[in-house]
Amino acid sequence: MSQVRVRFAPSPTGFLHIGGARTALFNWLFARNKKGIFVLRIEDTDQERSTKESEDVILRAMKWLGMDWDEGPETGGDYGPYRQSERLNIYKEYAQRLLGEGKAYRCFCTQEELDLQRQEAKEKGEFQGYTGKCRDLTEDQIKEYEAQGRKSVLRLRINEDEEIVINDLCRGMINFSSNEFGDFVLVKSDGFPSYNFAVVVDDMLMKISHVIIGDDHITNTPRQVMLYKAFNTKVPEFAHIPMILGNDGSRLSKRHGATSVEEYRDQGYMKDATVNYLSLLGWSPKNDQEIIEVDETIKRFSLEDVSRSPAVFDNTKLKWMNGQYIRNCEMDTLITEVSPFIDKEKYEIENKEWLAKALKIAREHMTLLTDINEQLTYFFDKTLDKTLNEEILKIFEKESAFIVVDEYIKRLEDLEADKFYYEPLRDNLKVIMNEHNIKGKDLFMPLRVALTYSTSGPGVYPMLQVLGKEHSIDRMKEFVQKVRKSNSLEA
RNA sequence: GGUCCCUUCGUCUAGUGGCCUAGGACACAGCCCUUUCAAGGCUGCGGCACGGGUUCGACUCCCGUAGGGACUACCA
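What you see is a predicted model; the values in this text were computed from it and never measured.

The rules behind each value
Residues numbered from 1 in each chain as written. Chains lettered and ligands numbered in written order. Predicted model: local features only at pLDDT ≥ 70, side-chain atom pairs only at ≥ 80, totals over all residues. Heavy atoms only, no water. Near = heavy atom within 4 Å. Polar contact = N/O pair within 3.5 Å; in protein donor to acceptor, adjacent residues only side chain to side chain. Helix = DSSP H or I, 4+ residues; strand = E, 2+ residues; numbered from the N terminus. Nonpolar A, V, L, I, M, F, W, Y, C, P; charged D, E, K, R; others polar. pLDDT = per-residue confidence, 0-100. Domains from an automatic or database assignment. Pairing = 2+ DSSP bridges. Axes fitted to C-alpha atoms, helices over the stretch in contact; angles between N-to-C directions. Buried < 20%, exposed > 50% of the residue type's maximum accessible area, 1.4 Å probe, protein only. Salt bridge = Lys/Arg side-chain N within 4 Å of Asp/Glu carboxyl O. Core = buried A, V, L, I, M, F, W, Y, C linked by side-chain atoms within 4.5 Å. Contact = heavy atoms within 4.5 Å.

### Quick notes on the protein's contact with RNA strand B
Piece 1. Taken together, 60 residues are adjacent to RNA strand B, and Arg171, Lys188, Ser189, Gly282 and Arg448 come closest.
Piece 2. Interatomic distance of 3.3 Å between a backbone N/O atom of tyrosine 195 and a phosphate oxygen of RNA strand B.
Piece 3. A distance of 2.8 Å separates a sugar or linking oxygen of RNA strand B from a polar atom in the backbone of threonine 455.
Piece 4. For the surface near RNA strand B, the elements supplying multiple residues, two or more each, are α4 (111-124), β4 (153-156), β6 (172-177), α7 (220-230), β11 (311-312), α11 (315-328) and α18 (441-452).
Piece 5. For the surface near RNA strand B, the leading source of residues is α11, giving five residues.
Piece 6. In terms of residue class, the surface near RNA strand B is made up of 19 nonpolar, 21 polar and 20 charged.

### Some points on the confidence of the model for chain A
Piece 1. Per-residue confidence for chain A gives a mean pLDDT of 91; residues scoring 70 or more make up 99%.
Piece 2. Taken over the whole predicted complex, pTM reads 0.92, whereas the ipTM for its chain interfaces reads 0.94.

### Quick notes on the domain arrangement of chain A
Piece 1. Domain annotation for chain A reports domain 1 (86-241), domain 2 (329-372) and domain 3 (385-490).
Piece 2. Between domain 1 and domain 3, the C-alpha centre-to-centre distance is 77 Å.

### Looking at the sheet that holds strand β3 (residues 104-107)
Piece 1. As summarised here, the arrangement of the three strands in space is β3-β4-β7, forming an open sheet in which the pairing is antiparallel. Each edge of the open sheet is held by one strand with a lone partner, namely β3 and β7 (185-187). Here the strands of the sheet are splayed against their neighbours by 45° on average, with no regard to which way each runs.
Piece 2. Sheet topology places β3 next to β4; four bridges connect them, and they run antiparallel. Bridge pairing links cysteine 107 to valine 153 in β4.

### Concerning unusual backbone geometry
Piece 1. The phi torsion at lysine 207 lies on the positive side, around 55°, for a residue other than glycine.
Piece 2. With respect to the helices and strands, lysine 207 occurs in the loop between α6 (195-205) and β8 (210-214).
Piece 3. One non-glycine residue, asparagine 232, lies in the positive phi region at around 60°.
Piece 4. Tracing the backbone shows asparagine 232 in the loop between α7 and β9 (237-241).
Piece 5. Classification of asparagine 232 as exposed rests on a relative accessible area of 68%.

### Some words on the environment of lysine 103
Piece 1. On the secondary structure map, lysine 103 appears in the loop between α3 (88-100) and β3.
Piece 2. A residue is classified by how much of its surface remains accessible, and lysine 103, at 27% relative accessible area, is partly exposed.
Piece 3. Distance from lysine 103 to arginine 157, taken between C-alpha atoms, is 5.4 Å for residues 54 residues apart in sequence.
Piece 4. A distance of 3.2 Å separates a polar atom in the side chain of lysine 103 from a polar atom in the side chain of glutamate 101.

### Some words on the pattern of salt bridges
Piece 1. Under the criterion given, the structure shown has 39 salt bridges.
Piece 2. The partner of arginine 41 in a salt bridge is glutamate 43, with the nearest N and O atoms 2.9 Å apart. This pair shows no difference in class: arginine 41 is buried, exactly as glutamate 43 is.
Piece 3. In this structure, lysine 271 engages aspartate 272 in a salt bridge whose closest nitrogen and oxygen atoms are separated by 3.0 Å.
Piece 4. By relative accessible area, lysine 271 is classed as partly exposed at 28%.
Piece 5. Overlapping salt bridges, with partners in common, bring together Arg7, Arg41, Glu43, Arg87, Asp202 and Asp203 in one network.

### Digging into the nonpolar core
Piece 1. With 109 residues, the main nonpolar core has Met62, Phe313, Phe379, Tyr408, Met476 and Phe479 as its most contacted residues.
Piece 2. It is helix α19 (residues 460-490) that contributes the most residues to this core, 11 residues altogether.
Piece 3. Once you skip the residues sitting within four places of it in the chain, methionine 476 turns out to touch Val405, Tyr408, Ile409, Leu412, Leu447, Ala450, Leu451 and Leu464.
Piece 4. Formed by 36 residues, the second largest nonpolar core is a distinct cluster that contains Ala95, Phe197, Val201 and Met204.

Below is the structure:
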């Protein structure tokens, strides 16, 4: 069996869309599963809308998600160049070939003429495609048009009554009749190739074996098949994968919120979670597994298991999944991924060891990487809100609250700094518990509040461990002082 | 309008004629765990679009109907 070669071919007219990313992902997964080649090709034949910035953004997003390509811009390869704007001479050559063989012809119709034609056809309820007005122009007519300075396009001469069968890898046989298609444009009047023409020339020359693409292209495929036939060349396999929809069931777009991959990255989604979620949109490992790491996805991926129906993008589930990754990934991974989100103005992270300690607590309370700053407030005096609200004061209406904190401070002062880990911290508190018969909420709440000025948040022991001896004691002392002062003012 | 595609809980999905009283996950509700908030565990809520066939037997096969979507460009 010949080598599997697939491609992802975005047009650089904006960011990498979530839907595009999923298409890229399925191509990439398929290539890696088959030990094939993943080609990245930039389809920048739309002179108006294509930009280099957009290309950069797309490549960056691809890299972020970990989809590496074997051939493409920056990487090169044997079938380059990989930007369509750099392949113009190639398209020209192949256009010439079709023209020479009479399989394509020049059309001098103006936009206005075509619009009018289409309008009339629409009113009569007739076929709206190009009807072939310029199909059989004589040499003289062509010369005359040229003399008038009219621009021309190149159109494919489509055979009548031809059956076009696509054997789709995801959905089986799809039949079309050539009569449903007008002679479509291959080369635009600006000399640039049209989408379908460039795609076919490139896929053919780049020896693409499988075209995996969104099913919104399903009606483009028969056109491409006709072109392959015109070139007398082998037609690749096709797999049309379902689209991704917004929560209202329509095509995913800006009004559904974030749709660009980098937006998700910036919002604090981890790349592995994003890839995991995307891979489960239209594909299933066929067991009850939800969290599935990419290596295993590669192993199990197959086009036959791709569903045929569109999937609604569900942010809530992605969030849940992101939380799973934050809580369960390697600490080193978490440190790497979360670091860019830490507000450096507010928080000076001493070192990696300290951050790891803090993250051990913080990760339990995070859904997005951006949640880190909210979690970090507990550990820094600069940002901690030290307001004594009613809830806090209420806890210290009980005398026992003061006993707990005061006694614990005393005991901690006698505890060596390197003993600030779970067992010693617990044992010291136990003594207080037993001596004063204070337990449960009455025991822990005062301490938590003294350490964090909050009735919710990290557990007491982890908090002490992260703050360390000196800082813990200072904080509690300061707190007790403030409460006493507040109480005396009231009295 | 035409052509094509799609249709299992609100959402993502498992299901390839009997294993289905339709399984899992997110969300939601309740309970448990617990020093708080989370996390975690358990339970519940909730679905085969509809109508005809085929068959001893249909979520599964066929045909209609309805609904949704895509395309119908010198945009990709």
